[in-house]
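Structure assessment
So the chains spell out like this:
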Amino acid sequence: MSEQILFKVTIDNITIEVPAGTTILQAARKIGGTVAPPAMCYYSKLQGSGGKCRTCLVEVAKGSEKDPRPMPKLVASCRTTVMDGMEVKNITSDKVIDARAGVVEFLLLNHPLDCPICDQAGECHLQDLSFEHGKSETRYEFQRRTFKKHDLGKNIQLHMTRCILCYRCVFTADQLTNKRVHGILDRGDHAEIATHIEKSLDNEFIGNVIDVCPVGALTDKTFRFKNRVWFLKPMDAHRDCPTCSGRVTLWNRGDEVYRVTARKDEWGEIEDTPDGKPGWICNTCRFDKKETSDWVIEGPRAISRQSVIAQGHYAGNVGMTKPTETFKAVNGGRTPHLLLDIHDESEVNQSQIHLGKIHGPAHGDTFNNKIENA
Amino acid sequence: MLCVQSIEKKRFYMSIQFNEQQMTECKRLVARYPEGKQKSALLPVLHLAQESFDGWLSTETMDYVASVLSIEPIEVYEVASFYSMYNLKPVGQFVFEVCQTGPCMISGSDNIITYIQQQLDIKPGETTKDGIFTLKLVECLGACGYAPMMQVGKIYKEHLTKEKVDAIITEYRSQAAAKN
Amino acid sequence: MGVKLLLDKAHVPGIRTYDVYRREGGYRSVEKALKEMNPESIVEEVKKSGLRGRGGAGFPAGMKWSFIAKPEGVPRHLVCNADESEPGTFKDRYLMEFLPHLLLEGLIVSSFALGSNDTYIYIRGEYAWITDILEEAIKEAHANGWLGKNILGTGFDCAIHVQRGAGAYICGEETALIESLEGNRGNPRIKPPFPAIQGVWQRPTVVNNVETLASIGPIINMGGDEYAKIGVGRSTGTKLISACGNINKPGVYEIDMTISVEDFIYSDEFCGGIANGKKLKACIPGGSSVPILPANLLLKTAKGETRYMNYESLSDGGFATGSMMGSGGFIVLDEDQCIVKNTYTLARFYRHESCGQCSPCREGTGWMEKILQKIETGKGSMSDIDLLWDIQRKIEGNTICPLGDAAAWPVAAAIRHFRDEFEWHINNPDLSQTSNFGLQHYADPIHVPA
Ligand SMILES: Cc1cc2nc3c(=O)[nH]c(=O)nc-3n(C[C@H](O)[C@H](O)[C@H](O)COP(=O)(O)O)c2cc1C
Ligand code: SF4
Ligand code: SF4
Ligand code: FES
Ligand code: FES
């Protein structure tokens, strides 16, 4: 192996050495923790991704040893490579904190905030992002943009209102399948993910769009509403699959397989297989193998992020008895700042109350009380 | 050009297809770009298709363009829906595209827009019942010094006044009548 | 009378045709460049001229050319940006419509300097008739040996192709333009890599504005040093200004950049004063994206000095009290114009033209438009003004391409200079629907004879 050129970069006062060509985001992830900027659109396994959502903006206080001038604007850390001697400020920069709060507000502007009925709740990057960087009330007083939800084939549902236009699913279809049938139509604030005419996404690998979607815009219809993810127990498992690596995470309740996904790392990205290739999985593994007997179970999956899913590993016989914990308890005492503005009826909560009648924005507690009082 | 040949085989399956002359033009457009970069001709070919097939791009038309350029239909939908000059819905024979941006607005475009609405009895985005006129409000067309203005097909109508609007409507009405 | 380099022949009958253009001395620069110069010396000449990009950013053209990568065996391309969609700007159209061969002349010399054998003119889709004019001119140039194979026996091959856009302001941004040229949606690319390294079809590409490229002919003819003597400071040569709005003589003017803003507005040679005997209220001096200035700050800088029509003087005072030369779209507003409404139409424009790729611009432009519409229709509240300010602040500088900034600046400047007019709108919801804030203290300091 030829000698690698290493660059020294300092992020939030922590210095590390990384190979030339590394992005600021990748370098920050090596350090880990809060030093790593949030990334809603970048996906290291998808070529060309990143740069769009602007959540990963950082301040470059010193360009490099050679040219120490600071960069005039905040830069997207996912698409900016490090220079030797570069100094970067992430959460130590007020400018970054301020801009990021702005970006979160923009991303939530037209988002329905229907987390209580969203399958992604608990593993939604937007939810995490707004907990960590957002404000709790909205200043937007206009009608939110709405789209009809529609099916993309028998296994995938598109909930366009939730989409943040990260383009990940488009890159996935481009790079994993031989024929892309969905894409971004229209432009500006009307832009949407669609197929234009009713078409189903049925390539063998298209199911991966569900795993890359950072929000609940693309969801698994074979799982929908069956359960909240934090009540499920993730298990690593594999099978001898002729199409893909067959290495997956099963989301079980007791012995029942509720959902199958690819294995994800601490950044929410698909893990590599031992031979170093991205561990995308095929549709058969994802949608059709819903029996424990289909799989060789390896053991419980370590969920390393501070995610609500991690809270699901409470002691006891998970899945055998109906959980009685409140969301708050499951959620580590954190009251969710859900800004309810729901113009839909929840299938989760059984329709004792028409959610549209609640005047949003409401707090999570308000919501719970109303349900109980109804 | 490889792509165009393979299309010609497919042509007879479709009800929408370029005639000889349009096909020649299409080939000329494709030839302007490097080998294998025929997608670059998409914008001009869509213009050609829109002109050739009733002034708008139906799904069928877009699928045809995709096959002509050997690209996926979604790539055509993505592009056609991005640019404001492509009509994805049927339009009248003559489309009045009136500019409403700042410089035109300060030069009195509001009055012209209201006047056209009254004369044609339609709102922006609508087509007259006889199918002759469609009214569209558009953003700056690069004629700010000659405001108020509108575009009708390839032509810019500038320095609009009520009298000019009357004359334009009469002119196109008689053109439409002559065609039928 | 100032010097005219571009439009001096514009009024010669038939100048649009090759024969007349050639008889008037056209294509001399191509002869000189191809026969007596080499690509390096042409770039050198352009550097010496101090020519700055006329598309809006004002980046020195010679310097941009010197950045182009020259990897072995990879074709390079010159692309002419004729997308001209910035509200208030219609100078490129004028050039192409009346002097198509002047542009071709510049394009051929520039293509030679950059080593582009296939050069593209990307023109906004609405300029359909100009596309025909250009195609015709290209045919003529071809027939007369200025284009094609082995031009003037020098071994240089060059073809010029015209590609029509299809209605998208964003395609004026150079990387969006490149995407569009490749037949894609006009989403600006994330830089780096810059077009000079990887542009159209991943090949090294230079994108220049129509007026920039049309200036190359005169520069080669007269020499870079002579060109640099025209104008002042770093504003060398002549500049086309497209003037519109409430003036007596809207149109395209060529100025050398030593004339004062006051002279430009009031002299009969140019705008001829404010129309209908009204008074000047405000002006957007460089296309809709640049900050609007009230009359007092337009004619004189904050220091009380005369403001001139050049890059430096127009931006004197920064964004606090100055503006920008931009694309040279000079929009004049008289005393009857409503700043709130004007700002609203511009906000609507930017919302309409956002490509939608990045969240601050996609969501922020629509939000600003809605709030401005609310204020304009008399439904605003005082906190809306601060909210607007905060939104524009959060868009600016945080987006992929400068359209975000372009959407933020007009709103910021309108609030900065005309806050009391916004407040008046909010405090007088009914009155503001039927009457106008008028001049108030922005009074035109120039005496207008009755
Ligand atoms: C949103 C946006 C729109 C633009 N529109 C145009 C345009 O219509 N014409 C143009 O020449 N440059 C336009 N530009 C500037 C170009 O990106 C680029 O700087 C210019 O074409 C370079 O040419 P120049 O150096 O000769 O000025 C635009 C830039 C932005 C960000
Ligand atoms: S559907 Fe999901 S993955 Fe696709 S663009 Fe929207 S948010 Fe991104
Ligand atoms: S700033 Fe606006 S136009 Fe530019 S890339 Fe972002 S969304 Fe597109
Ligand atoms: S993750 Fe970097 S911009 Fe989205
Ligand atoms: S504003 Fe109407 S043409 Fe420019």
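Residues numbered from 1 in each chain as written. Chains lettered and ligands numbered in written order. Predicted model: local features only at pLDDT ≥ 70, side-chain atom pairs only at ≥ 80, totals over all residues. Heavy atoms only, no water.

Digging into the site of ligand 3
Among the 13 residues in the neighbourhood of ligand 3, the closest are listed as Cys355(C), Gln357(C), Cys358(C), Cys361(C) and Cys401(C). Tallied by class, the residues present in the shell around ligand 3 amount to eight nonpolar, five polar and no charged. (Near = heavy atom within 4 Å. Nonpolar A, V, L, I, M, F, W, Y, C, P; charged D, E, K, R; others polar.)

Thoughts on the packing of helix α18 (residues 382-395) of chain C against helix α19 (residues 403-427) of chain C
All names here are of chain C. α19 packs onto α18 with a crossing angle of 170° between their chain directions and a minimal axis gap of 9 Å. With respect to each other, α18 and α19 are oriented roughly antiparallel. Here Met382, Ile385, Asp386, Leu388, Trp389, Gln392 and Ile395 of α18 come into contact with α19, specifically with Gly404, Asp405, Ala408, Val411, Ala412, Ile415, Arg416, Arg419, Phe422, Glu423, Ile426 and Asn427. In the contact of α18 with α19, the residues fall into 11 nonpolar, three polar and five charged. (Axes fitted to C-alpha atoms, helices over the stretch in contact; angles between N-to-C directions. Helix = DSSP H or I, 4+ residues; strand = E, 2+ residues; numbered from the N terminus. Parallel < 35°, antiparallel > 145°, perpendicular 65-115°, else oblique. Contact = heavy atoms within 4.5 Å.)

Concerning the interface of chain A and chain C
If you look at the interface, chain A gives 34 residues, while chain C gives 35 residues. Contact between chain A and chain C buries roughly 2900 Å² in total, counting both sides, with carbon and sulfur atoms accounting for 49%. Broken down residue by residue, the surface that chain A buries against chain C is led by Phe106(A), Arg139(A) and Arg187(A), which jointly contribute 25%. Our count for the contact surface shared by chain A and chain C stands at seven salt bridges. Residue Lys374(C) is joined to Glu141(A) by a salt bridge in which the shortest nitrogen-to-oxygen separation is 2.4 Å. Inspection of the chain A/chain C interface yields 20 residue pairs in polar contact (both at pLDDT 80 or more). Listed by contribution, the elements that provide at least two residues to the side of chain A that touches chain C are α2 (94-109) and β8 (183-185) of chain A. Of all the elements, α2(A) adds the most residues to the side of chain A that touches chain C, at eight residues. Classifying every residue of the side of chain A that touches chain C gives 15 nonpolar, six polar and 13 charged. (Buried area = accessible area lost by both parts, 1.4 Å probe. Salt bridge = Lys/Arg side-chain N within 4 Å of Asp/Glu carboxyl O. Polar contact = N/O pair within 3.5 Å; in protein donor to acceptor, adjacent residues only side chain to side chain.)

Some points on the pairing of strand β10 (residues 280-284) of chain C
Residues and elements named next belong to chain C. Buried residues dominate β10, accounting for five of its five residues. The pairing of β10 with strand β12 (residues 329-334) spans four bridges and is antiparallel. Residue isoleucine 284 lies in a different strand from β12, and its bridge partner there is isoleucine 331. Two elements, β10 and strand β11 (residues 293-294), share two bridges in a ladder whose sense is antiparallel. Looking at β11, one finds that cysteine 283 is bridged to leucine 293. (Buried < 20%, exposed > 50% of the residue type's maximum accessible area, 1.4 Å probe, protein only. Pairing = 2+ DSSP bridges.)

Some points on the side chain of Arg185(C)
Examined against the element boundaries, Arg185(C) turns out to sit in the loop between α8 (174-181) and β5 (205-209). Those residues in contact with Arg185(C) that sit more than four places away from it in its chain are Ile184(A), Leu185(A), Asp186(A), Arg187(A), Glu78(B), Val79(B), Ser81(B), Phe82(B), Tyr83(B) and Glu179(C).

A closer look at the interface of chain B and chain C
Contact residues are listed per partner, giving 40 residues for chain B and 57 residues for chain C. Summed over both sides, the interface between chain B and chain C buries roughly 3800 Å², with carbon and sulfur atoms accounting for 55% of that surface. Among the residues chain B hides against chain C, the three largest losses belong to Arg32(B), Phe82(B) and Ile106(B). Together they make up 18% of the total. Taken together, the connections running from chain B to chain C amount to six salt bridges. A salt bridge links Asp110(B) to Lys341(C); the nearest nitrogen and oxygen atoms lie 2.3 Å apart. Linking chain B to chain C there are 26 residue pairs in polar contact (both at pLDDT 80 or more). Residue assignment for the side of chain B that touches chain C shows that the elements contributing at least two residues are α3 (42-52), α5 (73-82) and α6 (102-106) of chain B. Counting residues per element, the side of chain B that touches chain C draws most heavily on α3(B), which supplies five residues. When grouped by side-chain class, the residues that make up the side of chain B that touches chain C number 19 nonpolar, 11 polar and 10 charged.

Comments concerning the packing of aromatic side chains
As enumerated under the stated definition, the model contains 35 aromatic pairs over all chains in all. Grouped by ring-pair contacts, the aromatic residues Phe106(A), Tyr140(A), Phe142(A) and Trp367(C) constitute a single cluster. Above the plane of the ring of Tyr344(C) lies Arg348(C), whose end atom (NZ or CZ) is 5.6 Å from the centre. (Phe/Tyr/Trp six-rings, centres within 6.5 Å; stacked < 30°, edge-to-face > 60°. Lys NZ or Arg CZ within 6 Å of the ring centre and 35° of its normal.)

Structural notes on the sheet that holds strand β2 (residues 14-19) of chain A
Residue and element names in this part refer to chain A. Strand order in this open sheet of five strands is β2-β1-β5-β3-β4, and the pairing throughout is mixed. Across the chains shown, the open sheet's two edge strands, defined by having one partner strand only, are β2 and β4 (75-76). Note that strand β3 (residues 57-62) and β4 share two bridges and pair antiparallel. Paired with leucine 57 across the bridge in β4 is alanine 76. With respect to the sheet, helix α1 (residues 24-31) is in contact with β1 (6-11), β2, β3, β4 and β5 (86-89), its orientation differing from that of β2 by roughly 120°. Sitting on the sheet, α2 touches β3 and β5, and the angle it makes with β3 is about 160°.

A look at the side chain of Gln357(C)
Relative to the helices and strands, Gln357(C) is located in the loop between α16 (339-353) and α17 (359-376). There is a polar contact of 2.5 Å between the side chain of Gln357(C) and the side chain of Lys52(A). Here the side chain of Gln357(C) touches Pro188(C) through a polar contact of 3.0 Å, landing on its backbone oxygen.

Things to note about the sheet that holds strand β8 (residues 238-245) of chain C
Residues and elements named next belong to chain C. Pairing within the open sheet is mixed, and its five strands lie in the order β9-β8-β12-β10-β11. Of all the strands in the sheet, just β9 (251-256) and β11 have a single pairing partner and so form its edges. In terms of strand pairing, β8 meets β12 through four bridges, oriented parallel. Along β12, the bridge assignment pairs alanine 243 with phenylalanine 330. α16 rests against β10 and β12 of the sheet, and its axis sits at about 20° to β10.

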